[in-house]
Each structure stands twice: as structure tokens, then as C-alpha cells.
Amino acid sequence: MTTANQSIKPITTKINKEGNLEIGGCDLVELAQKYGTPLYVFDEATIRTIAKEYKKAFEKYPKVSMLYASKAFMTKAIVRILDEEGFGFDMVSGGEIYTASTAGADMKKCLFNGNNKSYSELQMAVELGIGLISVDNFLELALLDNAAKAANKTVDILLRVTPGIECHTHEYIQTGHLDSKFGFDLTQTDEAIEQLLDEYKNLNLVGLHAHIGSQIFETSIYYDEVEVLLKEMSRIKEKYGLNLSHINLGGGLGIKYTEQDCPPSINEIAEKIITSVKENSKKYNLEEPEIHIEPGRSIIGTSGVTLYTVGSSKQVPKGKKYVAVDGGMADNPRPSLYQAVYTAQVANKPEEPPVETVTIAGRFCESGDILIQETKLPELLPGDILCFYDTGAYGYSMSSNYNRVEKPAAVLVNNAQSDIIINRENYEHLVSLDVIPDRFKKEQGY
Ligand SMILES: *Cc1c(COP(=O)(O)O)cnc(C)c1O
């Protein structure tokens, strides 16, 4: 059985009576007119379906918690949806923690992760009662113990480790290999545990955390990851008599950006993880642990599309044809950052056959601001609405105001209804934090 991360398009995508693309019962051309472009559109049905697919896939294992990796895309509305679906939140900054807590997430189900958390972020996490903190390094052990002591609390922690597993994804999104900035090397866990036992009385170690990378297509990697963690847990049990009860496997399941991509289903991943937990718990003589998983991209990626309006074009003599849209690397840095590849369709003429090979360029002042290299599309004319699929993850969350361009709006669609979940920025927003020092004001009358 396939799951929604294996489809390029949101599950409600179709062509309507007007001959336009429709998602969540909303005509994309109408959405572009109503809200302007660029516009991020999120399909609520796809998000909820994938969240339910995750829960169902792990149903047969009794001790599983799902945490959504907020960094993929977080707004208060997304927090509400995933909280309703029973998810906790994996967060990596004070800003993400603030968003989750002000949107009513259950802090006990959350985890705070990151390789250089500040003392004030750690204090905030302790005060808000975040369920687990994944401690990344020696400095953090000391800082967090101080923060916990100051609040007169004991904090449950995981140790983030690098399991030494390489996955075949872009090097910038690999994290589990040994030469990584994240977590303790497995040769350093003893020292961390000894410090914990001797000095850090306000920290309670409950398990291990790892995350091996992102946009992963190989299921066997999860089997190996579980094995490495359980083997380490059994070593810790023998050496220190500590019975750790949790393993957090991170996220990483891939999605389908193009026809060439074949990500595994959520069921296949779950199967591998559960099999490995059962086999390796037996092999290493451990009680079966509580499993935490933290999908980000695979929860939100497929649900989101970006709409752009087509503008100018340039035919390089005897060369490429460039067609420019009204967004680009500021609303989606992934193509320029990781050579990420996307699939696009013309929302106002989705059934027209492709007739030319074009390169879709962004509007930002960098030659590298190219969204798609050489793709076959119908003839693109100024005013056409181009729909980019699979922009839900690491799009808005990585966006910037480069060139002082306002960040686009995001809308949530469901059952023919569309609701703004993030307002479009305006010029006032862009200058709202600027300050002209007084001495300029006095002398020049600003
Ligand atoms: C980024 C990250 C995730 C989510 O990764 P996806 O590829 O988006 O699923 C989960 N856990 C940790 C620790 C991460 O850093």
C-alpha cells in the first residue's frame, strides 16, 4: 500500500470543470487572484492523512511517540493540526518553542534539540516543562544542569549521538556520519555518562537520540540505526547499570519531488524499525524501548505547493530559454542550496502538452537563482500561474527577505475553503525593525 509521501501532488489535487488545477477543493488560479503570488498553499487533508498513516504504521508497537520536526515548517495553525493528530513537537530554538507553547501544544510531548542551545533557551525549555531535552555536547550538560537546578527541577534528557551511519543523500543534509557537528561521538558517551552520574544531579538520562539525515530512501538504514542505538544501550547497561528506556530515531523519510524519486512508504519504514527493535532488543538482552520518531519533511512536504506568476523571459541566442517567475531563492532556497529538483505544472492550463524546454528562473539578483533547470512545459506566457509541487517542507521555514522582498502569504485549504495561516509581509514590515540613529534624524530632518 502506498502512502501520501510517495505522491508528487497533494492527495486532493485534480483538474476542475474550468480546466484549472484544484487542491483542497480550491481553484489555484482563484487563490492566486485572491491572495496574490507567490503564495504557499497547504492541503490540510494531506497533512492529516500522512499524520494518520504514521500512527497507523506504528500501531502494532505499543510504545511509540510521534514528534513533528518543526523546522520543516511551523506556524500556529500547523501546531494546532498536528497537536489534534496527537503529535508532539521536536524543536530547535526558542522561537519554535514559543510558537508551540503559544499555539497550545502539549509541552510534555515535546523535545528540545540542537547543537548550540543558549542558556536562555534551555531555561525557557525547563520553565515550560518540555518533556525531553536532547543534550548534544559537554557544555550543554553543564548549562542545562544549572538551569534545572535554578528552577529546582529534574529534567529528563536524551544524549544525542552520531551513530556513524552514512546515508546517500546530499552532504549538507547528512547528519549521522562520524564527521558531523551534531551530537556525541560514540567514543564520548562514557565521559558524558560519568559526568552525569558524578556531577549533574538535576539531569535524568532516559535514552539516546540520533538523526541520520534527510530525504532518505533506504529503509535498511533505519534497521542499522536502531541496532547501533540498542547496542550502545546494552553497553551502557553493562558498564553503568543504567536501564535506558527510550530511543529517538529522528526523522528523514524522503518524499517524491520528481518522477525519478521512489521513496519508501511509511509502512515500510515502520516495519524496518519495529523489526529491528524487536530483533535487536532480543539480541542485546534489553527490554523493548519506547520509540520516538521525528518526521518533518515527510509530514508537511507533499502537502505544500507554491504558486508563482510567470513574467519575463529570455531566449539566449543558440542557448537556453529562461522564463522568470515572481519568486525564487528567497521563498525557496533549496534549489540554490542543495541543487534540489522540483516538478511544476501550469495551474491555468494543466492539460496542455509540453512543447518547449525552459529553465525557470527566480526574480532575485543572483545568477544562481534558478528554480528548475531545463524542464518541458507548455508555452509559458506572462500571467500564467505556475504551481511548484512539494514545497511544504524547508520552503517558508528557510525563506528570507533577500533583496528586501516581502515574504509570501501561506493559506490552508480544505473542503473548498481557504484560510490565511501566515499573512503576506508588506513594505511596512520590511522596515519595521530598522532604526535611524538619532544623530542622523537631527541633522537631516528624518
Ligand atoms: C531535521 C531533523 C528532523 C526532521 O528531518 P526530516 O528529514 O525533515 O524528516 C528530525 N530530527 C532531527 C533531530 C532533525 O535535526
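Use the structure listed above.
A short tour of the structure in this document, coming up.

Rules and cut-offs
- Residues numbered from 1 in each chain as written.
- Predicted model: local features only at pLDDT ≥ 70, side-chain atom pairs only at ≥ 80, totals over all residues.
- Heavy atoms only, no water.
- Helix = DSSP H or I, 4+ residues; strand = E, 2+ residues; numbered from the N terminus.
- Rg over C-alpha atoms; globule rule 2.2 N^0.38 Å.
- Buried < 20%, exposed > 50% of the residue type's maximum accessible area, 1.4 Å probe, protein only.
- Contact = heavy atoms within 4.5 Å.
- Areas by Shrake-Rupley, 256 points an atom, 1.4 Å probe, with all protein chains shown as cover.
- Pairing = 2+ DSSP bridges.
- Axes fitted to C-alpha atoms, helices over the stretch in contact; angles between N-to-C directions.
- Parallel < 35°, antiparallel > 145°, perpendicular 65-115°, else oblique.
- Left-handed = near helix turned anticlockwise from the far one by under 90°.
- Nonpolar A, V, L, I, M, F, W, Y, C, P; charged D, E, K, R; others polar.
- Near = heavy atom within 4 Å.
- Polar contact = N/O pair within 3.5 Å; in protein donor to acceptor, adjacent residues only side chain to side chain.
- Salt bridge = Lys/Arg side-chain N within 4 Å of Asp/Glu carboxyl O.
- Patch = residues over 30% accessible without salt bridge, like charges linked within 9 Å, V, L, I, M, F, W, Y side chains within 5 Å.
- Lys, Arg positive; Asp, Glu negative; His and termini not counted.
- Charge placed at Lys NZ, Arg CZ, Asp CG, Glu CD.
- Core = buried A, V, L, I, M, F, W, Y, C linked by side-chain atoms within 4.5 Å.
- Domains from an automatic or database assignment.

Looking only at helices and strands, the protein chain has 13 helices and 21 strands in total. In terms of overall size, the protein chain behaves like a compact globule, its C-alpha atoms giving a radius of gyration of 24 Å where 446 residues would be expected to give roughly 22 Å. Taken over the C-alpha atoms alone, the protein chain extends approximately 70 × 70 × 45 Å along its principal axes. A buried classification covers 57% of the 446 residues belonging to the protein chain. Within the protein chain, contacts between residues at least 6 apart in sequence are counted, and of these 71% link residues at least 24 apart. Carbon together with sulfur atoms contributes 49% to the accessible area of the protein chain, which is approximately 19500 Å² in total.

Turning our eyes to something else, we now look at the sheet that holds strand β3 (residues 26-27). Strand pairing within a sheet occurs via backbone hydrogen bonds; the two strands may be parallel or antiparallel. Within the open sheet, the 3 strands sit side by side as β1-β2-β3. Their pairing is antiparallel. Of all the strands in the sheet, the pair left with one neighbour each is β1 (14-15) and β3. Bridge analysis of β1 against strand β2 (residues 21-23) gives 2 bridges, and the strand direction is antiparallel. Note on β2: the bridge partner recorded for K14 is E22.

The geometry of helix α7 (residues 189-198) relative to helix α8 (residues 220-240) is characterised by a closest axis approach of 12 Å and an angle of 45° between their N-to-C directions. In terms of axis orientation, α7 runs oblique to α8. Note that α7 runs across α8; the crossing there is right-handed. On α8, the residues touching T189, D190, I193, E194 and L197 of α7 are E232, R235, I236, K239 and Y240. Here the contact of α7 with α8 is composed, by residue class, of 4 nonpolar, 1 polar and 5 charged.

With that settled, the discussion passes to the site of the ligand. K71, S214, E294, R297 and Y394 are the nearest of the 16 residues found near the ligand. Within the side chain of E294, an N or O atom sits 2.6 Å from a nitrogen atom of the ligand. Take Y394: an N or O atom from its side chain is 2.6 Å from an oxygen atom of the ligand. Protein burial of the ligand: of its 390 Å² of free accessible surface, 95% is covered by the chains. Here the shell around the ligand is built from residues that sort into 3 nonpolar, 8 polar and 5 charged.

Time to look at helix α3 (residues 76-84). Among the residues making up α3, those that are buried are I78, V79, I81, L82 and D83. Where α3 begins, the side chain of T75 points an oxygen toward the backbone nitrogen of A77, at a separation of 3.2 Å. Immediately beyond the C-terminal end of α3, within one or two residues, lies G86, with a positive phi of roughly 90°.

Right, let's get into the pattern of salt bridges. Here the structure, examined in full by the defined rule, presents 21 salt bridges. The residue E85 makes a salt bridge to K52 at a minimum N-O spacing of 2.9 Å. Of this pair, E85 sits in the loop between α3 and β6 (88-91) while K52 sits in helix α2 (residues 44-57), placing them 33 residues apart in sequence. Here E85 falls in the buried class, since its relative accessible area comes to 5%. On the accessibility criterion, K52 (45% relative accessible area) is partly exposed. In this structure, the salt-bridge partner of D145 is K149, at a minimum N-O distance of 3.2 Å. Here the residue D145 and the residue K149 both occupy positions in helix α6 (residues 138-150), the gap between them amounting to 4 residues, near one helical turn. On the basis of relative accessibility, which here comes to 2%, the residue D145 falls in the buried class. Taking the relative accessible area as the measure of exposure, K149 reaches 45% and is therefore partly exposed. It is possible to trace a salt-bridge network through shared partners that takes in E44, R48, K52, K55, E84 and E85.

A grouping of E191, E194, D198 and E199 is seen on the molecular surface, where their side chains present a negatively charged patch. Here E194 is to be found in helix α7. Note on E194: relative accessible area 35%, which makes it partly exposed.

Looking now at the nonpolar core. In this structure, Y54, Y68, I133, L141, I157, L159 and I273 are the most contacted members of the largest nonpolar core, which totals 86 residues. The biggest single contributor to this core is α8, with 8 residues. Residue contributions to this core reach at least three from each of two domains, namely domain 1 (4-41 + 304-431) and domain 2 (110-295). Residues within four places of I133 in sequence aside, it is in contact with F112, K117, L122, A125, V126, E140, L144, V155, D156, I157 and L158. With 20 residues, the next largest nonpolar core counts L21, A32, V41 and C387 among its residues.

Note on placement: H292 falls in strand β13 (residues 290-293). Sequence-distant contacts of H292, that is, excluding residues within four places in its chain, are made with S65, L67, L132, H246, I247, N248, L249 and G250.

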